[in-house]
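For reference, the chains in residue letters:
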Amino acid sequence: MLRLNGIHHVTSITADARRNVAFYTEVLGLRLTAKTVNQDDPGVYHLFYGDEYGQPGADLTFFEFPHAKRGTAGRGMVHRVVHRVASVQALDFWAERLRRDGHLRHSDDSRVVFEDPDGLAHELTIDASGDEPLVARHPDIPPEVALRGFEGVRAYSRHLEAARSTLLELMGAGEATQNAQYTVRGDRRGGWIAFDEPPAAPGSPGAGTVHHVAWVSKDDDLTRWIDRVTAFGLRNSGYVDRHYFHSLYFREPGGILYELATEGPGFLVDDLTVDELGSTLILPPFLESRRAEIEANLGPLPNPRPRAALT
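Given the structure is predicted, the values throughout are model-derived calculations rather than measurements.

Rules used in this analysis
Residues numbered from 1 in each chain as written. Predicted model: local features only at pLDDT ≥ 70, side-chain atom pairs only at ≥ 80, totals over all residues. Heavy atoms only, no water. Helix = DSSP H or I, 4+ residues; strand = E, 2+ residues; numbered from the N terminus. Rg over C-alpha atoms; globule rule 2.2 N^0.38 Å. Buried < 20%, exposed > 50% of the residue type's maximum accessible area, 1.4 Å probe, protein only. Areas by Shrake-Rupley, 256 points an atom, 1.4 Å probe, with all protein chains shown as cover. Lys, Arg positive; Asp, Glu negative; His and termini not counted. Charge placed at Lys NZ, Arg CZ, Asp CG, Glu CD. Pairing = 2+ DSSP bridges. Contact = heavy atoms within 4.5 Å. Salt bridge = Lys/Arg side-chain N within 4 Å of Asp/Glu carboxyl O. Arc of directions from axis to C-beta. Phe/Tyr/Trp six-rings, centres within 6.5 Å; stacked < 30°, edge-to-face > 60°.

### Focus on the overall build of the protein
Then, in step 1: Across its full length, the protein holds six helices and 16 strands.
Then, in step 2: Scaling as 2.2 N^0.38, a compact globule of 311 residues should have a C-alpha radius of gyration of about 19 Å, and the protein matches this with 18 Å.
Then, in step 3: Each principal axis of the C-alpha distribution contributes one length, and for the protein these read about 50 × 45 × 40 Å.
Then, in step 4: Counting only residues that meet the buried cut, the protein has 58% of its 311 residues in that class.
Then, in step 5: Per element, the accessible surface of the protein, about 13300 Å² overall, is 49% carbon and sulfur.
Then, in step 6: Between the centroid of the 33 positive side chains of the protein and the centroid of its 44 negative side chains there is a distance of 3 Å.

Written out as structure tokens, the structure is:
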């Protein structure tokens, strides 16, 4: 049976790439693993943050739309990204660090809730998955308290029963018995999506909102997933070559845009070394001839790695 290995990446929107880099690398201690552009709109950055090696399962990514108005999450939108940490001591570390920087919203012995500078909500929870930790190196954050990859996402649905059917019947999810939480687990990793009671006010896309959630497909399974999603009756993108991975996009009936993305080939496909990840603007081959034009339209971004790589 086809299985998905949890969450591949979560893509959101930022209004300010420099501020975004500072928060996710300096405050959260993630590694800037790829600095590229939105392939459908190459005039804006697409930034990737994750573990030391840029592996699926920890990739937070952002499209920069400069000066975008702040959005709000409503029905059919993800409203919080949940990450794993190792222990109560790690939660305490993050509560203090995020309180000091003015980002903390709530903390207790089971979770820490905070927002990034655009208002995107995050949660830290203790890891009980047994999955391999996906950790980045940072001089101010001991590895035993560092973020360990995705636990799940929390969302609001326009049509909860149809969203449930898609997860259970199409995507092979397991259902929690006491809440609307659905776990997608393969042979290596797992992750979940949980649905909360939506607010009365409608949502609006913008800075600080999630654009889509990607789930991990094995490389050889993607064409079978395309056939499966099509047979299920959902309109979809078909095969999309993103160069760094290959994808299928579809909007589930509750309104959330899903992507199924392959594990490979990854960000080393262009002969970069691991040490070079995130240090330079990378472009897929079909955009390489426009490099000078693209670079001229993008604001400069610092490379945060030299300090973060110190041990």
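Additional details are given in the paragraphs that follow.
### Quick word on the pairing of strand 5 (residues 77-85)
Then, in step 1: Along strand 5, nine of the nine residues are buried, which leaves the element largely enclosed by surrounding structure.
Then, in step 2: Both strand 5 and strand 9 (residues 150-156) contribute to a ladder of six bridges, which runs antiparallel. Paired with His83 across the strands is Phe150, a residue of strand 9.
Then, in step 3: Bridge analysis of strand 5 against strand 8 (residues 121-126) gives six bridges, and the strand direction is parallel. Bridged to Arg84 within strand 8 is Thr125.

### Observations concerning the side chain of Thr33
Then, in step 1: Residue placement: Thr33 occurs in strand 2 (residues 31-38).
Then, in step 2: Apart from the residues lying within four places of it in its own chain, the contact partners of Thr33 are Phe48, Tyr49, Gly50, Asp51, Gly54, Asp59, Phe267, Leu277 and Gly278.

### Here's the deal with the pattern of salt bridges
Then, in step 1: In this structure the tally under the stated criterion is 22 salt bridges.
Then, in step 2: Across the salt bridge formed by Arg164 and Glu161, the nearest N and O atoms sit 3.3 Å from each other. Taken together, the residues Arg164 and Glu161, both in helix 3 (residues 160-170) and three residues apart, mark about one turn of the helix.
Then, in step 3: Taking relative accessible area as the criterion, Arg164 reaches 27% and is therefore assigned partly exposed.
Then, in step 4: Linking Glu288 and Arg291 is a salt bridge whose minimum nitrogen-to-oxygen distance equals 2.5 Å.
Then, in step 5: A residue is classified by how much of its surface remains accessible, and Glu288, at 37% relative accessible area, is partly exposed.
Then, in step 6: A single network of salt bridges, built from pairs that share partners, joins Arg84, Asp127, Asp131, Arg148, Glu151 and Arg185.

### Remarks on the sheet that holds strand 11 (residues 181-185)
Then, in step 1: Strand order in the open sheet formed by eight strands is 6-7-8-5-9-12-11-10, with mixed pairing between adjacent strands. Of all the strands in the sheet, the pair left with one neighbour each is strand 6 (104-107) and strand 10 (174-175).
Then, in step 2: Pairing of strand 9 with strand 12 (residues 190-195), which is carried by four bridges, proceeds in the parallel orientation. Within strand 12, the residue paired with Ala155 across the bridge is Phe195.

### Some details on helix 4 (residues 222-231)
Then, in step 1: Buried residues of helix 4: Leu222, Trp225, Ile226 and Val229, and no others. Looking straight down helix 4, one finds that the buried residues subtend no more than 105° of arc, so they occupy a single side. Of the exposed residues in helix 4, the ones pointing more than 90 degrees away from its buried face are Asp227 and Ala231.
Then, in step 2: Phi turns positive one or two residues past the end of helix 4, at Gly233, with a value near 95°.

### Observations regarding the packing of aromatic side chains
Then, in step 1: Counting across every chain of the model gives 12 aromatic pairs.
Then, in step 2: Where Tyr49 meets Phe62, the ring centres are 6.0 Å apart and the plane angle is 70°; that geometry is what we call edge-to-face. Here Phe62 lies in strand 4 (residues 59-64) and Tyr49 lies in strand 3 (residues 41-50), a separation of 13 residues in the sequence.
Then, in step 3: With a relative accessible area of 0%, Tyr49 lands in the buried category.
Then, in step 4: Relative accessible area serves as the criterion here: at 0%, Phe62 is assigned to the buried category.
Then, in step 5: Ring centres 5.8 Å apart and planes at 85° place the aromatic pair Phe250 and Tyr258 in the edge-to-face group.
Then, in step 6: By the ring-pair criterion, three or more aromatic residues cluster together here, those being Phe23, Tyr24, Tyr49, Phe62 and Phe114.

### Here's the deal with helix 3
Then, in step 1: Those residues of helix 3 that sit buried are Ala162, Ala163, Ser165, Thr166, Leu167 and Leu170.
Then, in step 2: Where helix 3 is buried, its residues touch strand 11, strand 12, helix 4, strand 15 (245-251) and strand 16 (257-265).
Then, in step 3: Directly beyond the C-terminal end of helix 3, a positive phi value near 70° is found at Gly172.

### Some remarks on the environment of Pro300
Then, in step 1: For Pro300, the position within the fold is in the loop between helix 5 (291-297) and helix 6 (305-308).
Then, in step 2: For Pro300, a relative accessible area of 65% puts it in the exposed group.
Then, in step 3: Remark: the alpha-carbon pair of Pro300 and His8, spanning 292 residues in sequence, is separated by 28 Å.
Then, in step 4: If we skip the residues at most four places from it in the chain, Pro300 touches Arg18 and Tyr45.

Honestly, that's just the spatial picture; any functional story needs more than this.
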